Amino acid sequence: MEQSNQNNARKWVGRFIGLAVFVGAVVALLNVIQQTNRAPSTDDANVRANFIEIAPEVNGRLIQLAVKDNTFARKGDLLFEIDSRPYEYALQQALSDQSALEQQIIDGKRRIAAEGSAVEAARFTVDRSGTGVKTAVTGIDAAKAAVERSKSAVANAQAQLTLANNNLHRIEPLLQKQYVTVEQVDQSRTAATLAQGNYDEAQSALAAAQAQESQAELRQQEANTIVSESEARLGQAEHTVDTLDTLMSQRSARAARVSSARLDLERCKVLAPFDAWVTNLNISEGAYARAGAPMFTLIDTRNWYVIANYRESNLSNIHDGMHVDVYLMGHPDRRFNGIVESTGRGVFPEDGSVAGGLPNIQRTLNWVHLSARFPVRVHIQDPDPALFRIGATAVTVVR
């Protein structure tokens, strides 16, 4: 009887212990689930940092390579230098062209200052020459009228002379026959002599009028020549102003060439834009660097990130600004502090795609559904540049 009671007691103790173990397991499971929800963690994370490819902006021979692969460079340190002699020559040529243009502008201004009064004088001369042309034309008209009058006087004097000579020739034979007196013959001879004098005087007056007409025509030609010369001087003076405007318009282009040449010369030396690690360097001094062709990569050490992929079921407990404990796989004894910066808004779906404008849904159904993972960007607040490497595995716990 006593033995039976002991067996029953043992059974109850065993059942109690089993129940306690079961309850403890359930409690532990619930605690783990609660802790997982309260502090989601993942080891599907890796370290990231911003990086840039360093490429020269000018072509040339690489004469100095100041860094080595996998070394640290401070902001402002020399990375490499390209032979600058061709760009020094180009800058000197651009400066020389700019100086020559400025000298041409100065000379043009001097000519304008010297010819400023010449322009007004040329305009006045043109106006005065035009008046002279009009006066010469009037003089020609007057001279032509005087010639016509002289011709009429010559014709009249010639007619008088012919009449006097005819009378004389008719009277002289009648003197021998005493049909006329000596006095009448003398009168006729005197009339013929006077008519000859009048004719000669009319001829002289005609010659003088014709000479005046020729002089008036010469004065007109001279006036026309003066007008042409004055207009030419005026056009030359105005052309000087136009030429100066053309030279002035070239100033900006020459200045731009100088600035471009100076910028190309400055680009021969490339400095580190920030504190960075040098990586992927596979070039040596003496190589010909081409503009835009990457030479190596700079990893920006100012900001480090961890991209942690969390299940979609955990995203409701992760918010921007939450604190994150970060551990590196290579240094699990070090804990780094991070802040949730952002959460990814999309990943490529594996179970469907768009074909022909309509969703292409798989007809099979998996009994086990895997949660999608979305990237959470964590900014590291206290990174150690000596330990952090792009692509290193990390463990994150969101607190």
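Our structure is the block above this text.
**Focus on the pattern of salt bridges**
As a working rule, side chains carrying opposite charge can pair if their charged atoms are close by.
Line of reasoning, step 1. On inspection of all chains with the given rule, the structure shows ten salt bridges.
Line of reasoning, step 2. Of the charged contacts, one joins Asp275 and Arg74 as a salt bridge, the two residues approaching to 3.6 Å between their closest N and O atoms. On the criterion of sequence distance, the pair formed by Asp275 in the loop between strand S5 (269–271) and strand S6 (276–279) and Arg74 in the loop between strand S3 (72–73) and strand S4 (78–82) is long-range, its members being 201 residues apart.
Line of reasoning, step 3. Take Asp275: its relative accessible area is 24%, and that puts it in the partly exposed class.
Line of reasoning, step 4. The closest approach of N and O atoms between Asp83 and Arg85, which form a salt bridge, is 2.9 Å.
Line of reasoning, step 5. Three or more residues are tied together by salt bridges with common partners; here these are Glu57, Asp264 and Arg267.

**Let's talk about helix H4 (residues 251–266)**
Owing to its 3.6 residues per turn, the α-helix aligns residues three or four sequence positions apart on the same side.
Line of reasoning, step 1. For H4, which comprises 16 residues, the first-to-last C-alpha distance of 23 Å matches the rise-based estimate of 22 Å (1.5 Å per residue) to within 8%.
Line of reasoning, step 2. Looking only at H4, the buried set comprises Arg254, Val258 and Ala261. Angular distribution of buried residues about the axis of H4 spans 65 degrees; they occupy a single face of the element. Facing away from the buried side of H4 by more than 90 degrees, the exposed set consists of Ser252 and Glu266.

**Remarks on the packing of aromatic side chains**
Line of reasoning, step 1. All told, the structure shown has four aromatic pairs when counted by the stated rule.
Line of reasoning, step 2. Consider the rings of Phe72 and Trp277, whose centres lie 5.2 Å apart with planes at 70 degrees: the pair is edge-to-face. Taken together, the residues Phe72 in strand S3 and Trp277 in strand S6 connect sequence positions 205 residues apart.
Line of reasoning, step 3. Judged by its relative accessible area of 31%, Phe72 falls in the partly exposed class.
Line of reasoning, step 4. Residue Trp277 is classed as partly exposed on the basis of its relative accessible area, which comes to 27%.

**Examining the sheet that holds S5**
Line of reasoning, step 1. An order of S5-S4-S2-S7 is seen for the four strands of this open sheet, with the pairing classed as antiparallel. Whereas interior strands pair on both sides, the edge strands pair on one side only; in this sheet they are S5 and strand S7 (288–289).
Line of reasoning, step 2. Bridging between S4 and S5 involves three bridges; their strand directions are antiparallel. In the strand pairing of S5, Glu81 is matched with Lys269.

**A few points about the environment of Pro273**
Line of reasoning, step 1. Within the fold, Pro273 resides in the loop between S5 and S6.
Line of reasoning, step 2. Note: C-alpha distance between Pro273 and Leu78 (195 residues apart in sequence) is 9.9 Å.

**A look at the nonpolar core**
Line of reasoning, step 1. Counting 22 residues, the largest nonpolar core has Val306, Val326, Ile380 and Phe388 as the members making the most contacts within it.
Line of reasoning, step 2. Residue assignment for this core shows that the elements contributing at least two residues are strand S1 (41–54), strand S8 (296–311), strand S9 (323–328), strand S10 (331–343), strand S13 (373–380) and strand S14 (393–398).
Line of reasoning, step 3. Ranked by residues supplied to this core, first place goes to S8 with five residues.
Line of reasoning, step 4. Not counting chain neighbours up to four residues away, the residues in contact with Val306 comprise Ala45, Asn46, Val47, Val326, Val376, Arg377, Val378, Ile380, Ala394 and Thr396.
Line of reasoning, step 5. The next biggest cluster of nonpolar side chains, apart from the first, holds 21 residues, and it includes Val58, Leu62, Ala276 and Leu298.

**Brief notes about the side chain of Asp83**
Line of reasoning, step 1. Structurally, Asp83 can be placed in the loop between S4 and helix H2 (85–176).
Line of reasoning, step 2. At 2.9 Å, the side chain of Asp83 and the side chain of Arg85 are in polar contact.
Line of reasoning, step 3. When residues no more than four places from it in sequence are discounted, the contact partners of Asp83 are Arg61, Ile63 and Cys268.

**Observations concerning the pairing of strand S2 (residues 60–65)**
Line of reasoning, step 1. Across two bridges, the pairing between S2 and S7 is antiparallel. Paired with Gly60 across the two strands is Ala289, which belongs to S7.
Line of reasoning, step 2. Of the strand pairs in this sheet, S2 and S4 are connected by three bridges, and their pairing is antiparallel. Residue pairing across strands places Leu62 opposite Ile82, the latter belonging to S4.

About the cut-offs
- In this numbering scheme, every chain counts its residues from 1 along its sequence in written order.
- Note on the predicted model: pLDDT of at least 70 is required for a residue's local features to be given, and 80 or more for side-chain atom pairs to be given and counted; whole-chain, interface and lining totals, by contrast, use all residues.
- Side-chain measures were taken over the full set of non-hydrogen atoms in the model, leaving aside hydrogen atoms and water.
- Salt bridges are defined by distance alone: a side-chain nitrogen of Lys or Arg within 4 Å of a carboxyl oxygen of Asp or Glu.
- Only DSSP runs of H or I covering at least 4 residues are called helices, and only runs of E covering at least 2 are called strands; the numbering of each starts at the N terminus.
- Relative accessibility under 20% of the residue-type maximum defines a buried residue, over 50% an exposed one, and the middle range a partly exposed one, all with a 1.4 Å probe and only protein chains included.
- The span you would expect from a helix comes to 1.5 Å times its residue count less one.
- This arc describes the spread of directions from the helix axis toward the C-beta atoms.
- Planes of paired rings set the category: under 30 degrees apart is stacked, over 60 is edge-to-face and the rest tilted, where pairs are Phe, Tyr or Trp rings (Trp by its six-membered ring) whose centres lie within 6.5 Å.
- Only when DSSP finds a minimum of two bridges between them are two strands counted as paired.
- In this description, a nonpolar core means a group of buried Ala, Val, Leu, Ile, Met, Phe, Trp, Tyr and Cys residues linked to one another through side-chain atoms lying within 4.5 Å.
- Throughout, a contact is declared for two residues whenever any of their heavy atoms are within 4.5 Å.
- Polar contact criterion, stated in full: a pair of N or O atoms within 3.5 Å, where within protein one must be able to donate a hydrogen and the other to accept it, and residues adjacent in sequence count only if both atoms are side-chain atoms.

Everything listed here is a matter of geometry and, on its own, says nothing about what the molecule does.
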